[in-house]
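# Structural features, examined
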Amino acid sequence: MFLRSHRHLRLLAVLSLTCSPIPSAASIIVVPDEAPTIQSAVNALPDTVLVRGGTFDEEVLLFRGIAILGYAGTAVPQVRRVRIEPTADPFSSDVYIVASITVEHGISLRNDREAIYVSINRCNVIGGFEDLSLSAETVSIEISNSSIQGDIRALVRSTLAVDSCDVAGHISAGWSDAELTVWDCSIEGDGTGTGIASEGFPNINQALIDRNRITGFERGIGIIAGNNVYNQRNT
């Protein structure tokens, strides 16, 4: 099966973290109870930051592996922007999770040094997901159960997976080993370009595009891959 290849096992393990209780041994900081801002909590180097409902007018820089989670049972917190820019840290986790957060000016990724895994889950992201990396060091990016207003662009070694999302913009993945999977999504454009695409040279390895509603583009799907492209049940 396409999604059960060994290249996806680590990503699936990462995604299970967003649906499981936080281990008791993990270090946790609650905002604003124990830190006044999300960034001050991140700077204290915990495993997890729990954010209560509220508006946080800050640009949050994630420089080491961490989970930023909206606090269950409160309103969804809002933050201005999230930047993921890993630094060389032998003690850092390689997993970055953002869940149950509204981001008002997009999420950006700049990673030219570390093999990391990124999960965006149950978020409302205005401004899209922008990968500013110069090379494909990021292993996998999963965006699931989210509303994304803006383009999703990723440069990955292994997988860009977009699952059960509403996307107002284009989706694209690049690099020769990349696998692009998009399923159960509503993808709406502004009348220009291609809805789901590969980019750059060399193009991606393979793709699974399944059960999506794609409207408002000059072309719905445009993928060049070295191996199979599964395009099925899309409207």
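Procedures and definitions
- Residues numbered from 1 in each chain as written.
- Predicted model: local features only at pLDDT ≥ 70, side-chain atom pairs only at ≥ 80, totals over all residues.
- Heavy atoms only, no water.
- Helix = DSSP H or I, 4+ residues; strand = E, 2+ residues; numbered from the N terminus.
- 1 Å grid on protein atoms, 1.4 Å probe; cavity = no way out; pocket = protein on both sides within 12 Å on 5 of 7 lines; lining within 4 Å.
- Points joined across faces, edges and corners; volume = space filled by probe spheres on them.

Before going further, it helps to spend a moment on unusual backbone geometry. A cis amide bond, omega 5°, links V31 with the succeeding residue P32. Checked against the element boundaries, P32 lands in the loop between β1 (28-31) and α2 (38-43). Backbone geometry places N145, a non-glycine residue, at a positive phi of 50°. Considering the arrangement of structural elements, one finds N145 in the loop between β12 (140-144) and β13 (147-149).

Tallying each qualifying case throughout the model produces one cavity of 30 Å³ or more. Considering only enclosed or pocket space, the largest cavity measures out at about 50 Å³ in volume. Along its surface, the largest cavity is lined by I38, V60, L62, I68, V79, V82, V98 and I101. Taken together, the elements giving at least two residues each to the lining of the largest cavity come down to β3 (55-62) and β5 (78-84).

That is the geometry; function is a separate question.
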